[in-house]
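# Coordinates in review
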Amino acid sequence: SGSTGHEADFAQIAPQVEAFLDAAPGRRLLVLGHFRPEIISSDLARKIDHVPFARYEEYLDALASADCALMPLADDLFNQCKSGVRVIDAASVGVPSLVSRVGDLPTLVDHGKTGFVLDGPEEWRGALETLAGDTKAAAALGATARQQLEAQWRARLAAPIIDQGLIDWVRG
């Protein structure tokens, strides 16, 4: 998380994530960035591996070690304006994304092909179980996310989107 503002977002799915972690031994939750363990149950906190806010390269290295990226967002005005940059980050390291149907996130996830777009808290555990139940399929979702990112989101040698006359006018 880039800020503590996502604590309320995670709270929506915390019970589902905790149930998923409790369902099989050895399951862990990797939290990247800002995190305050006192806001969650002590049982859940014991199942978390935390990597503090770090340089971007370190963040991507840690993200690459994850099986999937969870991006729950509460449906409010602030989150409706959020960009999907974290989906792009996950795809860049071949990690599938599980996202809420809020803001730009669902426009960047091809449901069932690069991750999952989830409509409510009750869907998160099922999506996690699906990925945990077939790790090869989960890895394939991440690989497809990376392939789609490379095909659709790379810098192109195309004409600028701003008219050259306007650029000349601004430059004087």
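Residues numbered from 1 in each chain as written. Predicted model: local features only at pLDDT ≥ 70, side-chain atom pairs only at ≥ 80, totals over all residues. Heavy atoms only, no water.

### Examining the pairing of strand β4 (residues 97–100)
Within a regular strand, side chains alternate between the sheet's two faces. Burial of β4 is two-sided: the residues S97 and V99 facing one way and the residues L98 and S100 facing the other way are all buried. Inspection of the sheet shows strand β3 (residues 69–71) paired to β4 by 3 bridges, in the parallel sense. If you follow L70 over to β4, its bridge partner there is L98. Summarising the sheet, β4 and strand β5 (residues 115–118) pair through 4 bridges and their orientation is parallel. When the bridges of β5 are listed, V99 appears paired with V117. (Buried < 20%, exposed > 50% of the residue type's maximum accessible area, 1.4 Å probe, protein only. Helix = DSSP H or I, 4+ residues; strand = E, 2+ residues; numbered from the N terminus. Pairing = 2+ DSSP bridges.)

### Remarks on the sheet that holds β5
Here 3 strands make up an open sheet; going across it, the order is β3-β4-β5 and the pairing parallel. Whereas interior strands pair on both sides, the edge strands pair on one side only; in this sheet they are β3 and β5. Across the sheet, the mean angle separating the axes of adjacent strands is 10° when strand polarity is ignored. Here helix α7 (residues 122–133) sits on the sheet and contacts β3, β4 and β5; the angle it forms with β5, its principal contact strand, is near 170°. (Axes fitted to C-alpha atoms, helices over the stretch in contact; angles between N-to-C directions. Contact = heavy atoms within 4.5 Å.)

### A short note on a nonpolar patch on the surface
On the surface, I162, L166, W169 and V170 cluster together into a nonpolar patch covering about 470 Å² of accessible area. The topology assignment puts W169 in helix α9 (residues 164–171). Judged by its relative accessible area of 67%, W169 falls in the exposed class. (Patch = residues over 30% accessible without salt bridge, like charges linked within 9 Å, V, L, I, M, F, W, Y side chains within 5 Å. Areas by Shrake-Rupley, 256 points an atom, 1.4 Å probe, with all protein chains shown as cover. Salt bridge = Lys/Arg side-chain N within 4 Å of Asp/Glu carboxyl O.)

### Comments concerning helix α3 (residues 56–64)
Of all the residues in α3, the buried ones are Y59, L60, A62 and L63. Seen end-on, α3 carries its buried residues on one side only, within an arc spanning 165°. (Arc of directions from axis to C-beta.)

### A look at the side chain of T114
With respect to the element layout, T114 can be found in the loop between α6 (105–108) and β5. What makes T114 buried here is its relative accessible area of 4%. Excluding anything up to four places from it in sequence, T114 contacts P96, S97, L108, V109, L141, T144, A145 and Q148.

### Describing the confidence of the model for the chain
Looking at the chain as a whole, the pLDDT averages 90, with 92% of positions reaching at least 70. Model confidence for the chain, summarised as mean pLDDT per element, is weakest for α9 at 80 and strongest for β5 at 98. (pLDDT = per-residue confidence, 0-100.)

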